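# Residue-level structural notes
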Amino acid sequence: MASVKAVCISEEKGTVKKPVPEITLKKNHGILGDAHAGDGHRQVSLLADESVDKIRDKMPTIEAGAFAENILTAGLCLHELPIGTKIKINETILEVTQIGKECHNDGCAIKKKTGDCVMPREGIFVSVVKGGIIKPGDRINIK
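Description of the structure in this document. Predicted model, so just to flag it, every value in this text is computed and none were measured.

Burial runs high along strand β1 (residues 3-9): six of the seven residues are buried. Of the strand pairs in this sheet, β1 and strand β6 (residues 71-74) are connected by four bridges, and their pairing is antiparallel. In the sheet register, S3 faces β6, and the bridge partner there is A74. Strand direction decides the pairing type here: β1 and strand β2 (residues 18-20), joined by three bridges, are antiparallel. Following the sheet pairing, V7 is matched in β2 by V20.

The phi angle at N28 is positive, at roughly 55°, despite the residue not being glycine. Along the chain, the position of N28 falls in the loop between β3 (23-26) and β4 (30-31). Classification of N28 by relative accessible area gives partly exposed; the value is 46%. Notably, N90 is not glycine yet its phi reads approximately 55°, a positive angle.

Thresholds, definitions, all that
- Within any chain, residue numbers begin from 1 and follow the written order of that chain's sequence.
- pLDDT decides what is reported in this predicted model: residues at 70 or higher carry local features, side-chain atom pairs at 80 or more are listed and counted, and totals for whole chains, interfaces and linings draw on all residues regardless.
- Side-chain metrics rest on all non-hydrogen atoms present in the structure, leaving aside hydrogens and water.
- The cut-offs for exposure are 20% and 50% of the maximum accessible area for each residue type, with area from a 1.4 Å probe on protein chains only; residues under the lower value are buried, those over the upper are exposed, and the others partly exposed.
- Working definition: helices are DSSP H or I runs of at least four residues, strands are E runs of at least two. Numbering for both runs from the N terminus.
- Strands qualify as paired when DSSP identifies two bridges or more between them.

Structure follows, in structure tokens:
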């Protein structure tokens, strides 16, 4: 069963996202209170905990939000979902809009420390089709 492991936000761009008890998503906007919310196709970022496991041997204490992901998942291979896939979490519906991204400034702090970063290859971005509240432990369904 796929589920939400953590939800994270950052109030300012360029800062690490911090875990929070829950997030509120707004249609065509993203997460209320997150610096990256707004128009566009990259309203919310997701990363699988299984992807983070690939870095844990070099950084065993890495925390949720370290890759700037808004939603850390478990039990789902996110980067294999096709563009346009709908993800339902509670009443919230997200649509996959992008797989991976380019690293900024020759890589993040994680890449500089470990020589690798999984977010550019395995992180995904979604737009919010239907808003709602998401918290750790919530079940994820693919539509």
